Amino acid sequence: MTDTPFIPFGKDISANAFKKYLVYLFLLGLIVRMGYLAEHAHAPSYGVPTLDQKYYDTVAKMLLAGDDLHRLHGFRPLLYPMFVAVCYKLGGGHGIDLTVAAQHLFGVLTGVLVALLGARLFRHRVSGLAGGTLYLLAPLPLYFEGELLVESSYTLMICLGLLFVLQAAGTEGGKGVWLWLLCGAMTVLTAQVRPNILIFMAVYPLLAGRRWWRAQHVAALLPLLGLFGGVVMGIPWGFVNKMQSGHFQVVPTTGGVNLYLGNRRTASGVRMELDRLVNYDDRHEDSVEVWARQGYEAAMRAQGRQPEADPRAVSQYWTRRAIAEIKADPAAWLRLMVKKCWLTLWNAEVPTLQSFAFLQTEYVWLRILPVRWVVLLMLAPAGIWAAAKWGRREVLIVLLFYASIYSAANIAFFIVDRYRYPVWPAMAAIGGGGLVAFVETIRQGRWRQTIGLAAGMALMAALSLPNWYGAQLPSFGLDYRLRSVAWYEKGHLPEALRDIDRSVALDPGDVTALHQRGNVLLALNRFGEARQDYEHALKINSDDAGLWNNYGIALDGLGRTNEALLAFRRATECHPPSPSAFLGVAFEQIRSGHPDDAAVTLDQFDKQEKGSNAMALAIRSVIARQRGDAARAAALEQQARALDPAAAAWAIERATNKPASH
């Protein structure tokens, strides 16, 4: 083959035709996503945030309510919750719908950006379109776009940043100065969604060094302006993040605890497993953050030191623990690194939340779309070969550097679907040219090159498809539990019970699954069975305030008032306590003829729960009525019903010993 520009299928398309095909590509992505959204919107889990999605939902609502963000402890960045909050504000009751629709649009735009990256890489527009098509026909990005998670916005911002870098690399003069500054600013802005991308800041000295090596000229150092642009962007965000950490913090980080969890001697490389149960109050918190902070505080107190209220101190503590774990058995750690390198290539999607394999059983669109990770891996050698021979080598260096250094950062922690997903666009851009190059060698009868490319594909498939390390993926127990929670939230109790029974059968020791089954049985008024599940769960985790509170409700439903009161009191003594349990205690005190004790309990509740609460006001109205103060009782009841009519009516019924449904 002659060393001429690579022109597959005889010739490339014109710039105007490329723009037209980009529109077609956009429409293709839109059709796929509209089809998936129509299917997803009818699923039980749609619109019911759980786990990490619940965290982002909670933070977005805190932002809208103007709540104190310090309880977040500076663990995760705020840019994505800000985006969700804007969608909630604009969408009202359809806030989640608007968020998901916007994220699907982000996915389509990412596919278009992949086409632009590929066209620039190969100097060939058809290759770019092939890469964009590969991305838009991949099911994994589609799945994440439909969840209340950072991945779709984060990946779009990464692609924009890559395109800015490539544009800056091809621009000289004053315009180039501003473009390099914009590149660095974009990298740090993207880090406000997830800090992992900060490692890409190394591309600026890399490009500057390469250019200086080739021509010792001041202009060769222009890429270093990316570092300055990053600093400029980081300063205002340092003050924004101070709202949740209490300290100037350019980016919140989970790096220390994730480094420990991914490198300790018991690490599997695929699962972020906590070695103790974590409890928090009625408001959802990030379980890893709570685990890390509580572990740090306990360690400091054990050393006779006062824990610092600084997330950086927590991260530094766990970083030291991670290094100590590595030093304790370096040979085992090296074996773990080799395993994680292979896991990076493995075609299976390792879940952090829901299992992609489970979701494929639910959604037709996730089953029929053809592009899996192994497809991109198989096309990568051909794409690298074609780009190195006929494309823009500096563009290839940038894309390979990004994919390599980002994957290396993942290997330093753990390999899961969410963390590997941001590499998909770069791989699709490279793979698009690889696909075109492979087809072109066949069309032109260049069998030596065809055989070589086919051998590379076969090698990558052989590395990616078999489970060489016998890696164990989690069962579907979590997936059934999360779907049960969704059914429960939507009032479909028989379906919720069916799924939680499957979850418990797969993982009988999962305390959260036992708790959920107890909740479903409680809602079905099957108090005796609910009590048994709560008791089983309490044997595993006796410090869960929510468990004790719900156990008290089950006992109350069985008429075992004294035991219920003890359970509620136990819930108020946990750390942290359950605010709802104070109401349970107050109910029992009123019904047993102790309104003054109930008033004291409600005072304790008010200290736990800031702001007015409809049920607390309703209980106070009952107390006032029992004391003969009809006017105050009527005023309190009116306030309660104005806040939440249903909750107020239920509380009055329960406090006055009238039958109440649970």
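Refer to the preceding data block for the structure.
Presented here is an overview of the structure given in this document. (Residues numbered from 1 in each chain as written. Predicted model: local features only at pLDDT ≥ 70, side-chain atom pairs only at ≥ 80, totals over all residues. Heavy atoms only, no water.)

So, on to the overall build of the protein. Helix and strand counts for the protein come out as 32 helices and 0 strands. Here the C-alpha radius of gyration of the protein, 28 Å, is about what a compact globule of 662 residues would show, namely 26 Å. Projected onto the principal axes, the alpha-carbon positions of the protein cover approximately 100 × 50 × 50 Å. Considering the protein as a whole, with its 662 residues, one finds that 54% of them fall into the buried category. (Helix = DSSP H or I, 4+ residues; strand = E, 2+ residues; numbered from the N terminus. Rg over C-alpha atoms; globule rule 2.2 N^0.38 Å. Buried < 20%, exposed > 50% of the residue type's maximum accessible area, 1.4 Å probe, protein only.)

The next subject is the side chain of R620. With respect to the helices and strands, the residue R620 is situated in helix α30 (residues 614–626). Relative accessible area serves as the criterion here: at 17%, R620 is assigned to the buried category. A polar contact of 2.9 Å, which involves the side chain of R620, links it to the side chain of D603. Residues in contact with R620, not counting those within four places in the same chain, are A599, L602, D603, D606 and L636. (Polar contact = N/O pair within 3.5 Å; in protein donor to acceptor, adjacent residues only side chain to side chain. Contact = heavy atoms within 4.5 Å.)

Right, let's talk about helix α21 (residues 447–464) for a bit. A rise of 1.5 Å per residue sets the reference length of α21, with its 18 residues, at 26 Å; its end C-alpha atoms lie 25 Å apart and thus fit the reference within 8%. Within α21 the residues assigned to the buried category are Q449, T450, L453, G456, M457, M460, A461 and S464. All buried residues of α21 project into a common sector of 135 degrees when viewed along the axis, lining one side. In α21, those exposed residues whose orientation departs by more than 90 degrees from the buried face are W447, R448, I451 and L459. Contacts from the buried residues of α21 go to α14 (330–345), α17 (373–390) and α20 (424–443). (Expected span 1.5 Å × (residues − 1). Arc of directions from axis to C-beta.)

This brings us to empty space enclosed by the protein. Using the criterion set out here, one finds 3 cavities of 30 Å³ or more in the structure. Of the volumes computed, that of the largest cavity is approximately 130 Å³. Around the largest cavity, the lining is made up of 15 residues, and of these S45, G47, V48, Q53 and E147 lie nearest the centre. Of the residues that constitute the lining of the largest cavity, the class distribution is 7 nonpolar, 7 polar and 1 charged. (1 Å grid on protein atoms, 1.4 Å probe; cavity = no way out; pocket = protein on both sides within 12 Å on 5 of 7 lines; lining within 4 Å. Points joined across faces, edges and corners; volume = space filled by probe spheres on them. Nonpolar A, V, L, I, M, F, W, Y, C, P; charged D, E, K, R; others polar.)

Two aromatic rings, taken as a pair, are described by how far apart their centres are and by the angle between their planes. For the coordinates displayed, the defined rule picks out 30 aromatic pairs. Here Y56 and Y80 contribute two aromatic rings whose centre-to-centre distance is 5.1 Å and whose plane-to-plane angle is 85 degrees, an arrangement assigned as edge-to-face. Note that Y56 is positioned in helix α2 (residues 52–65) and Y80 in helix α3 (residues 79–91), a separation of 24 residues in sequence. Of the two residues, Y56 and Y80, both sit in the buried class. Between W385 and W390, the ring centres sit 5.1 Å apart and the planes meet at 85 degrees, which makes this aromatic pair edge-to-face. (Phe/Tyr/Trp six-rings, centres within 6.5 Å; stacked < 30°, edge-to-face > 60°.)

Under the defined criterion, the tally for this structure stands at 29 salt bridges. Of the charged contacts in the structure, one is a salt bridge between D499 and R502, with a shortest N-O distance of 3.5 Å. Pair noted here: D499 and R502 are both in helix α23 (residues 493–506), with a separation of 3 residues, about one helical turn. The exposure class of D499 is buried, given its relative accessible area of 0%. One continuous salt-bridge network, built from bridges that share partners, spans D52, R76, E151, R194 and R418. (Salt bridge = Lys/Arg side-chain N within 4 Å of Asp/Glu carboxyl O.)

Bringing the side chain of T187 into the picture now. Among the structural elements, T187 can be located in helix α8 (residues 173–191). The exposure class of T187 is buried, given its relative accessible area of 5%. With residues up to four places along the chain from it excluded, the contact list for T187 reads I197, F200, M201 and Y204.

Note on placement: I442 falls in helix α20. The class for I442 is partly exposed, based on a relative accessible area of 37%. Note: C-alpha distance between I442 and R483 (41 residues apart in sequence) is 48 Å. Not counting residues up to four positions away in its chain, the partners in contact with I442 are W447 and T450.

Attention shifts here to the environment of F438. Position of F438 relative to the elements: it lies in helix α20. It is 67 Å that separates the C-alpha atoms of F438 and E573, two residues lying 135 residues apart in sequence. Here F438 is in contact with T450, L453, A454 and M457, once residues within four sequence places are set aside.

This paragraph deals with α8. With 19 residues, α8 extends 28 Å from end C-alpha to end C-alpha; this agrees with the ideal 27 Å at 1.5 Å per step. Of all the residues in α8, the buried ones are G176, L179, W180, L181, C183, G184, A185, M186, T187, V188, T190 and A191. Contact partners of the buried residues in α8: α7 (151–169), α9 (203–214) and α10 (225–245).

Attention shifts here to the state of the cysteines. Using the criterion set out here, one finds 0 disulfides in the structure. In this structure C87 is not part of a disulfide, and its nearest cysteine sulfur, from C159, lies 20 Å away. Since its relative accessible area comes to 6%, C87 is described here as buried. (Disulfide = S-S within 2.5 Å.)

All right, on to the nonpolar core then. Ranked by size, the top nonpolar core spans 105 residues in total, and within it W180 and F200 carry the most contacts. Looking at this core element by element, the count peaks at 11 residues for α7. (Core = buried A, V, L, I, M, F, W, Y, C linked by side-chain atoms within 4.5 Å.)

Bringing unusual backbone geometry into the picture now. Despite not being glycine, L51 shows a phi value in the positive range, around 50 degrees. In this fold, L51 is placed in the loop between α1 (15–40) and α2. For N525, which is not a glycine, the phi torsion comes out positive at approximately 60 degrees. Within the secondary structure, N525 is located in the loop between α24 (511–523) and α25 (527–540). Looking at N525, the relative accessible area reads 42%, which means it is partly exposed.

On the surface, a cluster of nonpolar side chains totalling about 490 Å² of accessible area is made up of Y21, V23, Y24, L27 and I31. Relative to the elements of secondary structure, V23 occurs in helix α1. Judged by relative accessible area, which is 47%, V23 ranks as partly exposed. (Patch = residues over 30% accessible without salt bridge, like charges linked within 9 Å, V, L, I, M, F, W, Y side chains within 5 Å. Areas by Shrake-Rupley, 256 points an atom, 1.4 Å probe, with all protein chains shown as cover.)

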